[in-house]
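Chain by chain, the residues run as shown.
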Amino acid sequence: FRRVLFRSRSCLKEQIVALSAMALRCGVPIVAAYCVRISRLHYRVFARTFTVTDIATAGEQGITQLLALEVEKAVRLYPELWTWNYRRWKLPTPIR
């Protein structure tokens with residue numbers, strides 16, 4: 001498992017690692033996006049595109065960290081919209 005910093009803590013980000021690896025292998029950009037409800041049936045979408053060059057330059061670990069920072073930015077701006085759905089800081093059991 002690869003670990004990245006999220007809210008100043010080392011954590012597992014399996015979903016983002018898989019996304020980063022797939023984008024590197026396929027040579028495609030990644031769009032990190034989230035939406036915020038403005039009013040009934042009205043939403044504002046925020047997005048950041050990581051180009052193929054960005055991804056290739058940063059590498060798998062680097063782009064994984066950049067994506068984690070994008071998630072963290074959204075959580076800090078709109079914490080009321082964020083839900084924890086699993087134990088983010090749970091470490092895998094070491095193999096002996």
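A brief structural summary. (Residues numbered from 1 in each chain as written. Predicted model: local features only at pLDDT ≥ 70, side-chain atom pairs only at ≥ 80, totals over all residues. Heavy atoms only, no water.)

A few words on the pattern of salt bridges. One pass over the full model with this rule turns up three salt bridges. Residues E70 and R48 are paired through a salt bridge, measuring 2.9 Å at the closest nitrogen-oxygen approach. Of this pair, E70 sits in helix α2 (residues 52–77) while R48 sits in strand β4 (residues 42–50), and the two are 22 residues apart along the sequence. Looking at R48, the relative accessible area reads 37%, which means it is partly exposed. The salt bridge partner of E70 is K73, with a shortest N-O separation of 3.6 Å. One end of the pair, E70, and the other, K73, are both in helix α2, three residues apart, so they sit about a helical turn from each other. A residue is classified by how much of its surface remains accessible, and E70, at 12% relative accessible area, is buried. Each of R48, E70 and K73 takes part in a single network of salt bridges with overlapping partners. (Salt bridge = Lys/Arg side-chain N within 4 Å of Asp/Glu carboxyl O. Helix = DSSP H or I, 4+ residues; strand = E, 2+ residues; numbered from the N terminus. Buried < 20%, exposed > 50% of the residue type's maximum accessible area, 1.4 Å probe, protein only.)

Looking now at the nonpolar core. The nonpolar side chains of a soluble globular protein tend to be buried with one another. Judged by nonpolar contacts, A23, I30, A32, F50, I55, I63 and L67 together constitute the single largest core of seven residues. At the level of elements, β3 (30–39) and α2 are the ones that each hand at least two residues to this core. The element best represented in this core is α2, accounting for three residues. Those residues in contact with I63 that lie beyond four places of it in its chain are S20, I30, F50, I55 and A58. (Core = buried A, V, L, I, M, F, W, Y, C linked by side-chain atoms within 4.5 Å. Contact = heavy atoms within 4.5 Å.)

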